[in-house]
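# Results of the structural survey
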Amino acid sequence: MTHMLLGSAQGAVGSLLGRLSSALVDEAQQLGSVRSDIQFIKDEMESMNGFLLHVAEATGDGNSDDDHQIQAWMKQVAEVAYASQNCVDLYVQSLGTRAGEQGLLRHLRRLTRLVWSLPTRHRIAKQIQELKIRSREVGERRLRYGVEAPASRDHNAVLAAQDADTSKEQEDAQRGALAGVEPPSFESFWLVEWIRETEIDATRLKHGIFPRVIALVGDAEKGAHFVKVAFEDPWVASFCSLDCMAWIQLGAEYSPEQLPRDILKKLGAPVAEFCAADDEKLLENLEFRLRGKKFLIVLDNVQVEDNTLWKRIEPALPGGDQRSLGSAILVTTDNNKFAFPFNPYEIYQVGRLNRQRHMYSDYVTKFYLDKAVAHRSTHDHLELLLQDIFAKLDHQIPNCKLFLYALYANPDATQEDLQSLSNNLKYLSRNNHKEVLRFLYKCLPSNCKNCLLCLGTFPEKTTFRRATLVKRWAAEAMITRRGRLTSLDEAKRCFRVLVAHGYVMPKETDVTGKVKTYVIHDVVAKIARDNNSSMANLCLTCLIAFPYEIQNNVKRSRQTEIDEPNTTKLFLELLPLSTHWGLLEVLDLEDCKDLKDYHMKNICVRLIQLKYLSLRNTGITKLPIQIDKLQYLETLDIRQTKVKAFAKNSVVLPKLKHLLAGHQTQDDIHSKEPFFTVQMPKHIEAMTELQVLSHVAVSGRGNELIDISSLLQLKKLGLVLHGCQKPIFRHLYHAIGKLSRSLLTLSIKIIPNNENAEVDMGMEERLLMPPRYLQKLEISGPVNGLLQWVQELRELTKITLHKTLLTADDIAILGKITSLSYLWLGQESCSERTLTFSKNEFQCLKFLIVECSHVTVINFGDKATPKLKKIVCSSRSQSLNGIEQFPSLKVLRLTGNFDLERVCDNQP
């Protein structure tokens, strides 16, 4: 509880101090009689902030005991801070000055507004005087009631803690590694147990029956899948110390003469060995490959009734070789008569394998029990209690793993805590997963608890994007900053923790496996209900609670179709009449179809303290001239709207960090619909805190690009270039060179005046300094070739190209970028019909996507793309050559006319 209030109080005081400092510097001459009052409030708040930092340092990030006096005092501090913040903002707004205005016009407008707002300023000034008295009383009240921060550690304790940091980090890393380990699957466990039984006894070894053969008989498809799962598990080969493995697909039409060749081929023998014409030489080669090695050979779908298959390979098997002990041959078939010719050591029926699951359950319990004991900082006598917990979890891996994460988060959980969990768990209960999550919640750091309770205000099954959520958490002041981490960095850390513990679960992924959207576990709402008192204390006043109500109502209005009052529309319509929304800092109206252009004026005038405003996928078409009233806005999201420009030529939002416009999905590359995005605002150089400037439009000569070079914190830049003239690229390259130390992502979309025109991007021009840390690059033409400076990007990991007409030389240049792991070649990205990845190129490439219909042949040279994991190709007619050399290839997705027989023959 203390940590939750601490985060809220720190956020309120920190935000107020920023506003007061800005007001005292920028509006010093206009503040008049209230200046001394504002200075007094600022001094008081700085002292209070020092006390709050002392509390944060003393309590750390653990779950300290709640001090009711400290809690009450922090509530008062936050309440005064929010009220002071609101009054000061209103007073400064009434002064009539606007960023960007200069000269006589500025003075005339300010003078007119000063006269018009005199009664309002008098009223607000009186409120500021009252808040001055309140802030003095809050400070005196702390002294009067002896409210003190928890005792800090003395100097010797601090030194001892510093000396122990290294060992503690090592212990945390060890516990984290243990928590991330999962037991093998039932299929892998069964195969390993059988391989371990193949240690040859003296009798069988004397009779030369070696290696052992086991047969799996029954449903062919189920049997093959069962064995395939175990065969592909790296744990099997590692645990059994297998030197080589081979999977041979047979069938009714399979020729026994082919079996030695196929085994040699799967064992990686040179072509000359498995292409030998002489049978005797062929068997010698196979015997040489197996001699002195521990191997596993799977003969899948045997359909031969006689012993021709066995006789074909038996002479090559290393009988009696002590170094090959534990080697085995596994036969799968749908009939016992096909298994008998192999003289199997044992025959298992596919339908009866589940009868052995009790052995696997015992193994899983012991596996997790060993890991749980290793999590304990001291080996106490809780093994029986832990064993009881795992037994009640019914050996279900997700639940057991989640419990391990809880022990990782709190390795010193008491016996009472564990006993309480054990009492709440029931054998074979579906609610056990939720009980473990609730137990885990108690072990979470305070910031993560705050974020989790915020998630609890969302309806169940709500989906969201990570980037959106962490920005909101940071803006809502739910994060207590610690050390040098920014609020956004701390929010990202909390998100990773909640994902690792299963409160937030992945829902949609892209082709690389990166998660695009997440969903909240349904237990989160129940945890929030269990902690209603915490939420009530966190929401210090009814005004502070409004953001949560708005979020809940807005989200609910998106997803329910029943006839109930439209709370979103009601909020928008009543906004001009309400005086209670001044403290609102986060407003997310994404997908809100009730939002109209005329609502935006009310939002900008009434909600002047907004830090986060999302208008994504709404029906608005323009932004009001009052947008510059949002002087504290940090995130403005207008993606998937038809906003083309700001209402004024000069708009300055000094705190803006993220301006998100246009479209950001890969689907938009192929869309023929008009690409709507906002024009880059003039005087953007004044927004020096910008970190993300995504998909803003630049046209003509692009003089606006000159100003971008002043944004030294810019990490992500997305530009839409309309009707490009050559100087625009000169200005662009100059800006990129100036941003070389900060830029991580660059996206350039070119829209020429003539649909068939080819744009000259100045391919031969070199940058003053290439963006040395650039990781992602996207270029959508029409252009001819690759920019020369791309080859100098040594940190580039992802590149997406569309309408770039690359040549073979351009592909070779990309192949020399040693850090490149993702390559997306869209429509018209290549000029030649054959796409060749030459020898020793693309050494780190893992994901390849080819959508260029012009390409008909894709060739992979020797030792090219050795780490390739996924290939996605779609075209009218293609052949794919050389993929048999990829040991890491997991996914091959083909769309179009491929020579599938040849591809399958070449697939490893």
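Residues numbered from 1 in each chain as written. Predicted model: local features only at pLDDT ≥ 70, side-chain atom pairs only at ≥ 80, totals over all residues. Heavy atoms only, no water.

### With respect to the overall build of the protein
What counts, and what does not: Counting from the N terminus, the helices are DSSP H or I runs at least four residues long and the strands are E runs at least two residues long. For every residue, the accessible area obtained with a 1.4 Å probe (protein chains only) is divided by the maximum for its type, and the residue is called buried under 20%, exposed over 50%, and partly exposed between those limits. Should any heavy atoms of two residues lie within 4.5 Å, those residues are counted as being in contact. To be clear on the numbers: accessible area is Shrake-Rupley with a 1.4 Å probe, and residue cover counts the displayed protein chains and nothing else.
Within the protein, the regular secondary structure consists of 32 helices and 23 strands. Put simply, the protein has 908 residues, and 51% of those count as buried. Partitioning the contacts of the protein with sequence separation of at least 6, the portion at a separation of at least 24 is 65%. Carbon and sulfur atoms make up 49% of the accessible area of the protein, which totals about 42200 Å².

### As for helix α19 (residues 415–424)
Going by this rule: The directions from the helix axis to the C-beta atoms are what the arc is built from.
All buried positions along α19 are accounted for by L418, L421 and S422. In an axial view of α19, the angular spread of the buried residues amounts to 100°, which keeps them on one side of the axis.

### Describing the environment of D594
The topology assignment puts D594 in the loop between β9 (586–588) and α28 (597–606). The exposure class of D594 is partly exposed, given its relative accessible area of 25%. Along the primary structure D594 and I620 are separated by 26 residues, whereas in three dimensions their C-alpha atoms are 9.6 Å apart.

### Examining unusual backbone geometry
Positioned with a positive phi, N301 is a non-glycine residue whose angle comes to about 65°. With respect to the helices, strands and loops of the structure, N301 is situated in the loop between β3 (295–300) and α14 (308–313).

### A few points about the side chain of D637
The topology assignment puts D637 in strand β11 (residues 635–637). Those residues in contact with D637, other than ones at most four positions away along the chain, are L613, S614, L615, R616 and L660.

### Quick word on the packing of helix α7 (residues 186–196) against helix α9 (residues 220–231)
How we decide: In this analysis, axes come from line fits to C-alpha atoms, helices being fitted only over the stretch in contact, and the angle between any two N-to-C directions falls in the range 0 to 180 degrees. Oblique is the label for every angle not falling under 35 degrees (roughly parallel), over 145 degrees (roughly antiparallel), or within 65 to 115 degrees (roughly perpendicular).
The geometry of α7 relative to α9 is characterised by a closest axis approach of 8 Å and an angle of 80° between their N-to-C directions. Judged by the inter-axis angle, α7 sits roughly perpendicular to α9. Here F186, E187, S188, W190 and L191 of α7 lie close against α9, whose contacting residues are F226, V229, A230 and F231.

### What about the nonpolar core?
Put simply, the test is: Joining through side-chain atoms within 4.5 Å is the link that ties buried Ala, Val, Leu, Ile, Met, Phe, Trp, Tyr and Cys residues into a set, and such a set is a nonpolar core.
Core analysis: the largest hydrophobic core is formed by 98 residues, its most contacted members being I603 and V790. The dominant element in this core, judged by the number of residues it contributes, is helix α30 (residues 726–738), at 6 residues. Every residue in contact with I603, bar those within four places of it in the chain, is listed here: L572, L575, L587, L589, L595, L610, L613 and L630. Core analysis: the next-biggest nonpolar cluster, separate from the first, contains 80 residues, W194, C448, W473 and I520 among them.

### Things to note about a positive patch on the surface
The cut-off we apply is this: Residues forming no salt bridge and having over 30% relative accessible area are the ones grouped into patches, like charges within 9 Å of each other and nonpolar side chains (Val, Leu, Ile, Met, Phe, Trp, Tyr) within 5 Å. Salt bridge, as used here: a side-chain nitrogen of Lys or Arg that lies within 4 Å of a carboxyl oxygen of Asp or Glu. Charge counting treats Lys and Arg as positive and Asp and Glu as negative, with His and both chain ends excluded. For this purpose, a charge sits on NZ of Lys, CZ of Arg, CG of Asp or CD of Glu.
A surface patch of positive charge is lined by R466, R496, K514, K716 and K776. Assignment of secondary structure puts R466 in helix α22 (residues 466–475). Here R466 falls in the partly exposed class, since its relative accessible area comes to 31%.

### Here we look at the sheet that holds β3
Rules: Whether two strands pair depends on DSSP finding at least two bridges between them.
With respect to topology, 5 strands assemble into an open sheet ordered β2-β3-β4-β1-β5, the strand pairing being parallel. The sheet terminates laterally at β2 (244–249) and β5 (346–349), the two strands that pair on one side only. Within this sheet the neighbouring strands show an average axis-to-axis angle of 15°, counted without direction. Two strands pair when backbone bridges link them, and strand β1 (residues 212–217) and β5 are joined in this way by 4 bridges, in the parallel orientation. Note that in β5 the partner of A215 across the bridge is I347. This element, α9, spans β1, β2, β3 and β4 (328–333) of the sheet and lies at about 160° to β2. In the packing of helix α11 (residues 259–266) onto the sheet, the strands contacted are β2 and β3, and the crossing angle to β2 comes to about 135°.

### A word on the environment of I603
Residue position: I603 is located in helix α28. On a C-alpha basis, the gap between I603 and L572 in space is 8.2 Å, while along the polypeptide they are 31 residues apart.

### Considering the pairing of β3
Looking along a regular strand, one sees side chains alternate from face to face of the sheet. Of all 6 residues making up β3, 6 are buried, and the element is well covered by its neighbours. Taking every second residue as pointing to the same face, both faces of β3 are buried, with F295, I297 and L299 on one and L296, V298 and D300 on the other. Sheet analysis places β2 next to β3, joined by 6 bridges and oriented parallel. What sits directly across from I248, in β3, is L299. Of the strand pairs in this sheet, β3 and β4 are connected by 4 bridges, and their pairing is parallel. By the bridge assignment, L299 is partnered in β4 with V331.

### Re the pattern of salt bridges
On inspection of all chains with the given rule, the structure shows 9 salt bridges. Notably, a salt bridge pairs E314 with K311, separated by 3.4 Å at the nearest N-O pair. Close ionic contact of K392 with D388 constitutes a salt bridge, the shortest N to O distance being 3.5 Å. On the criterion of helical spacing, the pair formed by K392 and D388 is a turn pair, its members being 4 residues apart in helix α17 (residues 383–392). When its relative accessible area of 12% is taken as the criterion, K392 is described as buried.

### Observations regarding a nonpolar patch on the surface
A contiguous nonpolar surface patch, about 320 Å² in accessible area, is contributed by L570, L574 and L577. Positionally, L570 belongs in helix α27 (residues 567–574).

### Considerations on the packing of α19 against helix α20 (residues 432–441)
Test applied: Here a crossing is taken to be left-handed if its near helix is turned anticlockwise relative to the far helix by less than a right angle, and right-handed if that turn runs clockwise.
Running from N to C, α19 and α20 point in directions that differ by 160°, and their axes come no closer than 10 Å. Between α19 and α20, the angle falls in the class roughly antiparallel. Our pair here, α19 against α20, has a crossing hand that is right-handed. Within the contact between the two elements, α19 uses D417, L418, L421 and N424 and α20 uses E435, V436 and F439.

### A short note on the confidence of the model for the protein
In low-pLDDT segments, the atomic positions of the prediction should not be examined closely. Applicable threshold: pLDDT gives the predictor's per-residue confidence on a scale running from 0 to 100.
Within the protein, residue pLDDT values average 76, and 73% of them lie at 70 or more. Predicted confidence for residues 157–169 stays below pLDDT 50, and this span has 2 contacts to residues more than four positions away or in other chains. Across residues 664–669, confidence stays below pLDDT 50; counting only partners more than four residues off in sequence or on other chains, it has 13 contacts.

### Quick look at the packing of aromatic side chains
Applicable threshold: Geometry of aromatic contacts follows a simple scheme: Phe, Tyr and Trp rings, the Trp one being its six-membered ring, pair when their centres are within 6.5 Å, and the pair is stacked under 30 degrees between planes, edge-to-face over 60, tilted otherwise. Only Lys NZ and Arg CZ are tested; either one counts as a charge over a ring when it is within 6 Å of the ring centre and within 35 degrees of the ring normal.
Summed over all chains, the structure comprises 21 aromatic pairs. A centroid spacing of 6.0 Å and a plane angle of 40° characterise the contact between F403 and F439, whose relative ring orientation is tilted. Separated by 36 residues along the polypeptide, F403 in helix α18 (residues 397–409) and F439 in helix α20 bring together distant segments of the chain. For F439, a relative accessible area of 7% translates into the label buried. Note on F837 and F842: the rings are 5.1 Å apart at their centroids and 70° apart in plane angle, and the pair reads as edge-to-face. Among the aromatic side chains, those forming a connected cluster through ring pairs are F186, F189, W190, F226, Y348, Y360, Y363 and F367. The ring of W247 carries the charged tip of K228 above its face, separated from the ring centre by 4.3 Å.

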